[in-house]
Amino acid sequence: MELLKEYNPYLEYRNEELFLEGVSLRELAKEYGTPLYVYSANYIKDRFNAYREAFPDALICYAVKANFNPHIVKYLAQLGAGADIVSGGELYLALKAGIPAEKIVYAGVGKTEKELTDAINAEILMFNVESRQEIEVLNEIAERLGKKVRIAIRVNPDVDPKTHPYIATGMQKSKFGIDIREAEKEYEYASKFKNIEIVGIHCHIGSQILDISPYREAIEKVVDLYEKLVSKGFDIKYLDIGGGLGIKYKPEDKEPKPVELADLIRPYIEKVKAKLILEPGRSILGNAGILITQVQFTKDKGNKHFIIVDAGMNDLVRPSIYNAYHHIVPAAVYERESVKADIVGPICETGDFLASDREIQKSVRGDYLVVLSVGAYGFAMASHYNMRPRASEIMVENGDIKLIRNRENYEYIIEPSL
Ligand SMILES: *Cc1c(COP(=O)(O)O)cnc(C)c1O
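The shown structure was predicted, so the numbers you read here are calculated from the model rather than taken from an experiment. (Residues numbered from 1 in each chain as written. Predicted model: local features only at pLDDT ≥ 70, side-chain atom pairs only at ≥ 80, totals over all residues. Heavy atoms only, no water.)

### Structural notes on the overall build of the chain
Line of reasoning, step 1. Along the chain, the regular secondary structure elements total 13 helices and 21 strands.
Line of reasoning, step 2. For a compact globule of 418 residues, the expected C-alpha radius of gyration is about 22 Å, and the chain comes in at 23 Å, within 12% of that figure.
Line of reasoning, step 3. Expressed as lengths along the three principal axes of its C-alpha atoms, the size of the chain is roughly 70 × 55 × 40 Å.
Line of reasoning, step 4. A burial count over the chain gives 58% of its 418 residues as buried.
Line of reasoning, step 5. Contacts in the chain between residues at least 24 apart in sequence constitute 70% of all its contacts with a sequence separation of at least 6.
Line of reasoning, step 6. Of the accessible surface of the chain, which amounts to about 18100 Å², a share of 50% is contributed by carbon and sulfur atoms.
Line of reasoning, step 7. Taking the 54 positively charged and 62 negatively charged side chains of the chain as two groups, their mean positions are separated by 1 Å. (Helix = DSSP H or I, 4+ residues; strand = E, 2+ residues; numbered from the N terminus. Rg over C-alpha atoms; globule rule 2.2 N^0.38 Å. Buried < 20%, exposed > 50% of the residue type's maximum accessible area, 1.4 Å probe, protein only. Contact = heavy atoms within 4.5 Å. Areas by Shrake-Rupley, 256 points an atom, 1.4 Å probe, with all protein chains shown as cover. Lys, Arg positive; Asp, Glu negative; His and termini not counted. Charge placed at Lys NZ, Arg CZ, Asp CG, Glu CD.)

Below, the structure written as C-alpha cells:
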C-alpha cells in the first residue's frame, strides 16, 4: 500500500483498516455520519512549509477558494500564510481567520462596488485588476474614501498550461486578465489615476498543472514585461505568479514539488528586485482531504455493476464537471474478490458519479469507501442540489479529532422557514 503514501503520507492501513493521522476512518464515519470530509492538519502544514522553504523570500498567499473552511484558513494564517481571495466573502473570512490585510491579494473579473469598497477599507496588500473599468471604478471609490489603492494588473501570457480547458486561465481566449501584449499600454493608462498606486504584475495561468514547463514560458514573458515597465519608471514591488501546481489524482500522476518550480524559474527572476508572491490552493489542500461515503446498495444492470453510495455530485462535483479521476479505496479491506464497478451517487443525474469502470474490492451494503484527493475544490464546490444538506468536515492531527463544520440540516437550507 505504498501508493497511498504517495497521496498522503499520513494515510495508512493498520490491520486492514484505513487510518489518517492515527484516526480510523471507519470509526469516524460511524461517529459523525457520512458523507464526511476529513482533513489532515500535518499534511497541510508540510505542504505550506514546502512552499516556504522553496521560496524563502516570497509571500505565500493561500488561494482561499480551494477550501474555505474557517478552521483551515485560520490554521494556515497561524503558519504565516497570506490569502489570495476572489470575493467579498473570502475577504470577510480571511480577515476573520486572522490573515493580516497586508498579506491579502484580491483577484477576480467581476468584483462588485461593495466588494471593492470593503477591500479598500480593509487596506489589503493589492488588487489584481482584470480590466480597465475595474481600475476606473477602484479609483472612483478610493477618491471618495480619500484612500490610495495598490494594484497589480493581471496579465494573460497566452500560454497553454496543458490542463483541463475549464481551469486553463492564462490563454488568450479566457476571460481572465488583460492580453500581455497590451500590458504596457494598460500600465500607462492606470498610471494616470491619482488614487491608484501601481505596485505589481500578476498572472495565474491555470490549475492542476502537472508538467511545469508552461510556467517557464509565462515567467519569461512576465519578467520581460517587468523589465520594460521598470525601464519606464514604474516601481514594480511585487511579482505575483499565481498558483496552479498540480497534485496526484491518478495512481500514475507524479506531482511537481514547489522546489522544482523554484528551480525552474530561478534563472528568470534572479535579476528581478520585486518580491515574489505565490497563490497555491490545490497543492496545499488537495491531498490533505478525503471523503468518506457509505455504500447504500449495489446492483447489476446489463453487464454493468453499480456501487451506489451516499456521496453525490452535490458533495463532490469534480468527476461530473471535469470528468476528474478520484482514487477510491475501501475503509476496511476484506478477503473478497474485486469487481469492475461504476461508483455512483444518489442524485437524479446520469452525470452523478464518482468513478466509472473502476476496479475495486466487492462492496456490500453498509461498507465505507474513501475518496482521495478531495481537500481542494471538494467541499468548496458542494451545493444543496436535490435538497441535500452539506456534509460535515473534520480535522485530524496526531490522533486528535476536531469537528470543523457541522453537518447542515433541512431547516438551515430553507431559511427563512415556511
Ligand atoms: C484558483 C486560483 C488560484 C489557485 O489555484 P490552484 O490551482 O488551486 O493552486 C490562484 N490564483 C488565482 C487568481 C486563482 O483564481
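### A short note on the nonpolar core
Generally speaking, soluble globular proteins have nonpolar side chains that are buried together.
Line of reasoning, step 1. By size, the foremost hydrophobic cluster in this structure holds 106 residues, and its most contacted members are Phe-55, Phe-127 and Ile-151.
Line of reasoning, step 2. Sort the elements by how many residues they give to this core and helix α9 (residues 213-231) lands first, with eight residues.
Line of reasoning, step 3. Here this core gathers at least three residues from each of two domains, domain 1 (3-39 + 286-417) and domain 2 (107-280).
Line of reasoning, step 4. Beyond its immediate chain neighbours, meaning those up to four positions away, Ile-151 contacts Met-126, Phe-127, Val-129, Ile-135, Leu-138, Ala-190, Ile-196, Glu-197, Ile-198, Val-199 and Gly-200.
Line of reasoning, step 5. By size, the runner-up hydrophobic cluster in this structure holds 21 residues, among which are Val-23, Leu-25, Ile-290 and Leu-372. (Core = buried A, V, L, I, M, F, W, Y, C linked by side-chain atoms within 4.5 Å. Domains from an automatic or database assignment.)

### Considerations on the domain arrangement of the chain
Line of reasoning, step 1. Domain annotation for the chain reports domain 1 (3-39 + 286-417) and domain 2 (107-280).
Line of reasoning, step 2. One C-alpha centre belongs to domain 1, the other to domain 2, and the line joining them spans 35 Å.
Line of reasoning, step 3. Taken together, the contact between domain 1 and domain 2 spans 13 residues of the former and 10 residues of the latter.
Line of reasoning, step 4. For the pair domain 1 and domain 2, the summed buried area comes to about 1000 Å², and 59% of that belongs to carbon and sulfur atoms.
Line of reasoning, step 5. Counting the surface domain 1 buries against domain 2, the share from its top three residues, Tyr-7, Tyr-322 and Tyr-325, is 44%.
Line of reasoning, step 6. Summed over the shared surface of domain 1 and domain 2, the number is one salt bridge.
Line of reasoning, step 7. A salt bridge links Glu-6 to Lys-248; its shortest N-O distance comes to 2.9 Å.
Line of reasoning, step 8. The interface formed by domain 1 and domain 2 includes four residue pairs in polar contact (both at pLDDT 80 or more).
Line of reasoning, step 9. The set of elements that each furnish at least two residues to the side of domain 1 that touches domain 2 consists of α1 (2-7) and α12 (318-322). (Buried area = accessible area lost by both parts, 1.4 Å probe. Salt bridge = Lys/Arg side-chain N within 4 Å of Asp/Glu carboxyl O. Polar contact = N/O pair within 3.5 Å; in protein donor to acceptor, adjacent residues only side chain to side chain.)

### Describing α9
Line of reasoning, step 1. Taking 1.5 Å of rise per residue, 19 residues should cover 27 Å, and α9 covers 28 Å from first to last C-alpha, within 8% of that figure.
Line of reasoning, step 2. The complete set of buried residues in α9 reads Pro-214, Tyr-215, Ala-218, Ile-219, Val-222, Val-223, Leu-225, Tyr-226 and Leu-229. Buried residues of α9, seen end-on, are gathered within an arc of 160 degrees and therefore sit on one face of the element.
Line of reasoning, step 3. Packing partners of the buried residues in α9 comprise β9 (149-156), α8 (183-190), β11 (196-202), β12 (238-240) and α10 (258-269). (Expected span 1.5 Å × (residues − 1). Arc of directions from axis to C-beta.)

### Focus on the sheet that holds strand β2 (residues 17-20)
Line of reasoning, step 1. On the basis of which strands lie adjacent, the open sheet formed by three strands has the order β1-β2-β3 and antiparallel pairing. Edge positions in the sheet fall to β1 (11-14) and β3 (23-24), since each has one partner strand and no second.
Line of reasoning, step 2. Bridge count for β1 against β2 is four bridges, and the pairing is antiparallel. The partner of Tyr-13 across the bridge, within β2, is Leu-18. (Pairing = 2+ DSSP bridges.)

### Some points on the confidence of the model for the chain
Line of reasoning, step 1. Averaged over every residue, the pLDDT of the chain is 96; residues scoring 70 or more account for 100%.
Line of reasoning, step 2. Mean pLDDT across the elements of the chain ranges from a minimum in strand β10 (residues 178-179), with 92, to a maximum in strand β4 (residues 36-40), with 99. (pLDDT = per-residue confidence, 0-100.)

### Details of the pairing of strand β6 (residues 82-85)
Line of reasoning, step 1. Of the two faces of β6, both are covered, the one formed by Gly-82 and Asp-84 as well as the one formed by Ala-83 and Ile-85.
Line of reasoning, step 2. Across three bridges, strand β5 (residues 59-63) lies against β6 in parallel orientation. Opposite Tyr-62, over in β6, you have Ala-83 as the bridge partner.
Line of reasoning, step 3. The parallel pair β5 and β6 is bridged by helix α4 (residues 70-79), and the resulting crossover is right-handed.
Line of reasoning, step 4. Of the strand pairs in this sheet, β6 and strand β7 (residues 104-106) are connected by three bridges, and their pairing is parallel. Within β7, the residue paired with Ile-85 across the bridge is Tyr-106. (Right-handed = clockwise from strand over helix to strand, strands pointing away.)

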